[in-house]
Amino acid sequence: MRKQAWFKRLMVHLVVIGVALVWLTPSVGLLVSSFRPKQELIASGWWTVLRRPFDPTQYTLANYQRVLFQEGLGRAFLNSFLITIPSTLIPLTIASLAAYALAWMNFSGRQVLLMAVVGMIVIPLQMTLIPVLRMFRVLGLSGTFPAVWLAHTGYGLPLMIYLLRNFFGALPRELFESAVIDGASHFTAFTKLLLPLSVPVLASVAIFQFLWVWNDLLVALVYLGGYSNVAPLTLKLALLAGSRGQDWHLLTAAAFVSMVVPMIVFFSLQRYFVRGILAGALKG
Amino acid sequence: MRTGKATPWLYLLPALLMLSSFLILPTLSTVYLSFFGPRSETFVGFQNYLQAFTSRSMLIAFRNNLLWLVVFTAFTVGVGLALAVLLDRVRYEVVIKSIVFLPMAISSVAAGIIWKFMYSFRPAYANQIGLLNAIVVALGGEPIGWLIQRPWINNLALIAVGIWMWTGFCMVIFSAAYKGIPKEMLEAARIDGANEWQVFLHITIPFLKSTIAVVTTTMVVFVLKVFDIVYVMTNGSFDTEVVANRMYKEMYSYQNYGLASAIAVILLLAIIPFVVINVRRFRAQEALR
């Protein structure tokens, strides 16, 4: 009986560690390959470096140099920031205002509006692409940053409003009543009371939107496709995969460049990150 | 607090403006366009839908989406749940969780490249640089064209990438819910002589029922719209297309806005049950407030 329990515990360890290895190996392969010279990369598998892992002569930074400065990844890196930061801050502001009204003001139509917002969370983006693309063309916005800022704002709002409203609504009512006694206006209550209290949830929501936009391909592809000077990393990477599908020294380095920022967010803000992802998974 | 009649709407105005211009009106407009020809000039009735439900490429896309739906959902939910339960028994839980959850942070484009490299294929006489074929060859097999061999190997190879990305998500949610099961309950069952499998079946599963429902719904909604992975890895060649990719192709490559709109509407119709579930769940939560 004892022996059996010991054996079972060993099996649990083996399974768990096995799964972790399977999950980790593909990323390790990418990382190792991105530092290998082109010739060696196509001549042998990346795992061959494990024979003498600390021999520096088998590694190079040339691939990164090439993708960042000759293949336009440097520019795309900047574009990703130029797209992602406004696409996070604009909807966050608009959603906080709306969520405040939905949580703390009484007006007819509030419930209907809330349900409409909840329903909109899972609308597939595909439903909006053609009319919005046409609108951008008429307005002369296609292929510009404001186009994707506006689109991501529209697409991000339902979920943000829903999450923020749930959080705001859960705050104690007395808090707001005491603010009223002090004669505060709605705007004061919103900026001085509510926002400071909501920093953690704002952070989670912002991180989710940031990563969603940073990792988005479809929106960039449709509204910015064909304009390579404004392309973000994902779009550039997808183009590179299409045009240089066998140039693994470039593809691996480029893919890793696109992963650096999300990985930093993941490891440094894991608590907010997990909460944001979990809350936001249903988004269209 | 004094609230003027107009005040709430002032706070809501920017949101309403953006929601109507980017979600509500475009959705209605797409429904309308789906009854028109490629250039939206001539009314064609249900012809686009007829085409969407009968053309060979669409039927393949439907089949593939169905395959995604079954295999992807079963694996992400199943493996996620199993990991949540198993990881509760080891001390290095946090490390393993981070490893499995990490792919959630990167884009599908990057994940697509990572796996295209894993799947890379060379003729038998050459050195394999893709890990999977290297293993196959080392075991004495012939290298496999993972992304080429239709219809099962290549589609399952793409689905595996999705599973790699999303299992961590399911695991994290299940893990949080699992830790909410009172430990006394599990212990009592074990003392009564139940084995681990019986405990899992008769206590864990019933306790996590609603979490399983939520996670499964999330996976199904995701999988119906899956696009990036296929776009980057095969762009639909060798019969790997899914519905969202067909929509993009009709719109972008063939400029057939009528058919593209009809495909989008079909996607929406498939998702509407989940909109209803979402709204219902929301109302139930509200009733509890």
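1. Observations regarding the overall build of chain B
- The helix and strand inventory of chain B stands at 13 helices and 0 strands.
- Secondary structure elements of chain B, listed N to C terminal, follow the sequence α-α-α-α-α-α-α-α-α-α-α-α-α.
- Seen through its principal axes, chain B has C-alpha atoms that stretch 75 × 70 × 30 Å.
- When each of the 289 residues of chain B is scored for burial, the buried share is 43%.

2. Details of the overall build of chain A
- Helices and strands together make up the secondary structure of chain A, namely 14 helices and 0 strands.
- For chain A, whose C-alpha radius of gyration is 24 Å, the value lies well above the compact-globule estimate of 19 Å for 284 residues.
- For chain A, the spread of C-alpha atoms along the principal axes amounts to about 75 × 70 × 35 Å.
- Taking all 284 residues of chain A together, 46% fall into the buried category.
- Put simply, of all contacts in chain A between residues at least 6 apart along the chain, 78% involve residues at least 24 apart.

3. Considering the interface of chain B and chain A
- Every contact between the two is made by 70 residues of chain B and, on the other side, 77 residues of chain A.
- Ranked by the residues each element gives to the side of chain B that touches chain A, the list is headed by helix α1 (residues 7–33) of chain B, at 16 residues.
- Along the lines of polarity and charge, the residues of the side of chain B that touches chain A split into 54 nonpolar, 13 polar and 3 charged.

4. Observations concerning the environment of F169 of chain B
Residue and element names in this part refer to chain B.
- For F169, the location among the structural elements is in helix α7 (residues 152–178).
- Since 23 C-beta atoms lie within 10 Å of it, F169 is described here as buried.
- In this structure the C-alpha to C-alpha distance between F169 and V215, which are 46 residues apart in sequence, comes to 8.9 Å.

5. A closer look at the packing of helix α3 (residues 56–87) of chain B against α7 of chain B
All names here are of chain B.
- It is at 6 Å that the axes of α3 and α7 come closest, and there the two elements cross at 40°. By the angle class used here, α3 and α7 are oblique. Where α3 crosses over α7, the two elements pack in a sense that is right-handed.
- Grouping the amino acids of the contact of α3 with α7 by side-chain chemistry returns 20 nonpolar, 7 polar and no charged.

6. Looking at helix α5 (residues 110–120) of chain A
- Residues of α5 of chain A that are buried include every one of L113, L114, V117, V118 and M120 of chain A, and no others. Looking straight down α5 of chain A, one finds its buried side chains confined to an arc of 165°; they lie on one side. Of the residues in α5 of chain A, the exposed ones pointing more than 90 degrees away from the buried face are Q111 and V112 of chain A.
- Buried residues in α5 of chain A make contact with α4 (73–104) and α7 (145–170) of chain A together with α1 and α13 (257–288) of chain B.

7. Digging into the environment of G140 of chain B
- Looking at the secondary structure, you find G140 of chain B in the loop between α6 (131–138) and α7.
- Once the C-alpha coordinates of G140 of chain B and L13 of chain B are considered, the two residues, 127 residues apart in sequence, prove to be 66 Å apart.

8. So, unusual backbone geometry
All names here are of chain B.
- Residue P151 is bonded to the preceding R150 through a cis peptide linkage, with omega at -5°.
- Mapped onto the elements of the fold, P151 is located in the loop between α6 and α7.
- Positive phi, normally seen in glycine, also occurs at N235, with a value near 50°.
- You can see N235 is positioned in the loop between α11 (228–233) and α12 (243–252).
- Within the chain, Q255 stands out as a residue other than glycine whose phi angle is a positive 50°.
- Considering the arrangement of structural elements, one finds Q255 in the loop between α12 and α13.

What counts, and where the lines are drawn
Per chain, residues are indexed from 1 in the order of the written sequence. For naming, the first written chain is A and the first written ligand is 1, with later ones following in the order written. Local features in this predicted model are restricted to residues whose pLDDT is 70 or higher, and side-chain atom pairs enter the listing and the counts only when it is 80 or higher, whereas totals over whole chains, interfaces and linings include all residues. By the criteria applied, helices consist of DSSP H or I runs no shorter than four residues and strands consist of E runs no shorter than two, each listed in order from the N terminus. Burial is judged by counting the other C-beta atoms within 10 Å of a residue's own C-beta: 20 or more makes it buried, 12 or fewer makes it exposed, and any count in between marks it as partly exposed, with every C-beta position built from the backbone. Only C-alpha atoms enter the radius of gyration, while the globule expectation follows 2.2 Å times N to the 0.38, with N the number of residues. A residue pair is marked as a contact if its C-beta atoms, positioned from the backbone, fall within 7 Å. Each residue is assigned to one class: nonpolar for Ala, Val, Leu, Ile, Met, Phe, Trp, Tyr, Cys and Pro, charged for Asp, Glu, Lys and Arg, and polar for all the others, Gly among them. Orientation is described by axes fitted as lines to C-alpha atoms, over the contacting stretch for helices, and by angles from 0 to 180 degrees between their N-to-C directions. Oblique is the label for any angle not covered by the other classes, which are roughly parallel (under 35 degrees), roughly antiparallel (over 145) and roughly perpendicular (65 to 115). Take the far helix as the reference: if the near one is turned anticlockwise from it by less than a right angle, the crossing is left-handed, and if turned clockwise, right-handed. Note: the arc covers the axis-to-C-beta directions of the helix.

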